[in-house]
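# Architecture at a glance
If you want the building blocks of each chain, they are given just below.
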Amino acid sequence: MRKVLCAGNWKMNLAPLAAKNFGDELRVALGEHDEGARSVREGKIELALMPPFVSMASLRGALEDLPVVVGAQNCHWESQGAFTGEISAPMLAELGCRYVIIGHSERRHLFGETDEMTLHKVRAVLGAGMTPVFCVGELLEEREENRTLLVLERQLRAVLPHMSSEDAQHRFIVAYEPVWAIGTGKVASEQDAQDACQFIRDLVSTCCGAAAAVAMRILYGGSVKPENAAGLVAQPDVDGFLVGGASIKVSSLMGIVKASSRKA
Ligand code: PGA
């Protein structure tokens, strides 16, 4: 079975000192008797945090020996060179990152990231031995024009046909994040999340084969909170969450973990 993943995308929040304090607080929370903490300790749920680059080291230090992995929110596709302000995949691998978010809607829509760039980045992340968390999702106007599935298909076809079946099966995660639900408090309905995730899984099967479709984890993201997580993760094709706002507080992150542990 696919292990439930709760991944926290901190975005541009929590500087190094705040990240260390978060790690210290998380250590206490993970030691408690709550079913969410137990699921993480027993390896039934995977917990990952994606801090800003500058907070990676202090967070990693605070999390030492805890069953929590770290990831990054972006990377450049070249491994080194004259790319002022960029960070490469091998640099992140050296820092101990397991995951790198690629194609987040804020990268696509605020920073002009194209489908072609996402493919270069996916290749770089895989080449450095890490796993891309590949984000797809439609804008509100695209949903209103009934173009949701077309958008998801375009975003996914930019990368899936270029992947080996081995990578698709073991080293790729998709996050369905409807753009209108990100940071807005408007969550997708359980049925809409399921329909999109099922469509994605069917497309993975077409492009990469049935084994990859069965193995690949597909997350939902967009205004996930402790109160709505249980119903979403109960959907058969939702394998966990990419959480933004609710991941920068230990209490709400652990509330989501607890709600998810019912599926673990
Ligand atoms: P949100 O963000 O949980 O704050 O809506 C999700 C994301 O952008 O990954």
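To be clear, the structure that these remarks concern was listed above.
The structure reproduced in this document is the subject of the present report. (Residues numbered from 1 in each chain as written. Predicted model: local features only at pLDDT ≥ 70, side-chain atom pairs only at ≥ 80, totals over all residues. Heavy atoms only, no water.)

### Thoughts on the side chain of Ser55
Selection rule: For the purposes of this entry, the term helix denotes a DSSP run of H or I that reaches at least four residues, the term strand denotes a run of E that reaches at least two, and both are numbered from the N terminus. For this analysis, residues touch if any pair of their heavy atoms sits within 4.5 Å.
As for its placement among the helices and strands, Ser55 is situated in the loop between β2 (45-50) and α3 (56-62). If near-sequence neighbours (up to four positions away) are discounted, Ser55 is found in contact with Leu14, Ala15, Pro16 and Ala19.

### Observations regarding the packing of aromatic side chains
How two aromatic rings sit relative to each other is given by the distance of their centres and the angle of their planes. Quick note on the threshold: Each pair of aromatic rings taken from Phe, Tyr and Trp, with Trp reduced to its six-membered ring, is defined by centres within 6.5 Å and is described as stacked if the planes are under 30 degrees apart, edge-to-face if over 60, and tilted in the remaining cases. Each residue is placed in one exposure class: buried if its accessible area under a 1.4 Å probe, protein chains only, is under 20% of its type's maximum, exposed if it is over 50%, and partly exposed if it falls in between.
According to the stated counting rule, one finds three aromatic pairs in the structure shown. When the centroid spacing of 4.7 Å and the interplanar angle of 65 degrees are considered together, the rings of Trp10 and Phe22 count as edge-to-face. Taken together, the residues span a long stretch of sequence, with Trp10 in the loop between β1 (4-9) and α1 (16-30) and Phe22 in helix α1 at a distance of twelve residues. The buried category is assigned to Phe22, whose relative accessible area is 4%.

### A few points about the site of the ligand
We apply this condition: The near set for a molecule or strand comprises every residue that places at least one heavy atom within 4 Å of it. Whenever a nitrogen or oxygen atom comes within 3.5 Å of another N or O atom, the pair is scored as a polar contact, on the condition that within protein one atom can donate a hydrogen and the other can accept it, and that pairs from neighbouring residues in sequence are kept only if both atoms are in side chains. Charged residues are taken to be Asp, Glu, Lys and Arg, nonpolar residues to be Ala, Val, Leu, Ile, Met, Phe, Trp, Tyr, Cys and Pro, and polar residues to be all remaining types, Gly included.
Inspection of the region around the ligand gives 13 residues, with Lys11, His104, Glu177, Gly183 and Ser223 positioned closest. A distance of 2.7 Å separates an oxygen atom of the ligand from a polar atom in the backbone of Ser223. Residue composition of the shell around the ligand, by class: four nonpolar, seven polar and two charged.

### Some remarks on the environment of Gly96
With respect to the secondary-structure elements, Gly96 resides in the loop between α4 (89-94) and β4 (99-102). Between the C-alpha atoms of Gly96 and Val136, which are 40 residues apart in sequence, the distance is 25 Å. If we skip the residues at most four places from it in the chain, Gly96 touches Arg60 and Val70.

### Side note on the sheet that holds strand β6 (residues 173-176)
For the record, the criterion: Any two strands with at least two DSSP bridges between them are considered paired. Comment: axis = line fitted to C-alpha atoms, over the contacting stretch for helices; angle = value between 0 and 180 degrees taken between N-to-C directions.
What the eight strands build is a closed barrel, ordered β1-β2-β3-β4-β5-β6-β7-β8; its pairing is parallel. Across the sheet, the mean angle separating the axes of adjacent strands is 25 degrees when strand polarity is ignored. Taken together, the six bridges between β1 and β2 define a ladder with parallel strand orientation. Of the residues in β2, the one forming a bridge with Ala7 is Ala48. Contacts from helix α6 (residues 115-127) reach β4 and β5 (131-136) within the one sheet, and its direction differs from that of β5 by about 160 degrees.

### A closer look at the pattern of salt bridges
The following threshold applies: We define a salt bridge as a side-chain nitrogen of Lys or Arg found within 4 Å of a carboxyl oxygen belonging to Asp or Glu.
All told, the structure shown has 19 salt bridges when counted by the stated rule. One salt bridge in this structure joins Glu106 and Lys11, with 2.9 Å as the shortest N-O distance. Placement of the pair is Glu106 in helix α5 (residues 105-110) and Lys11 in the loop between β1 and α1, with a sequence separation of 95 residues. Of the residues examined, Glu106 reaches a relative accessible area of 26% and is grouped as partly exposed.

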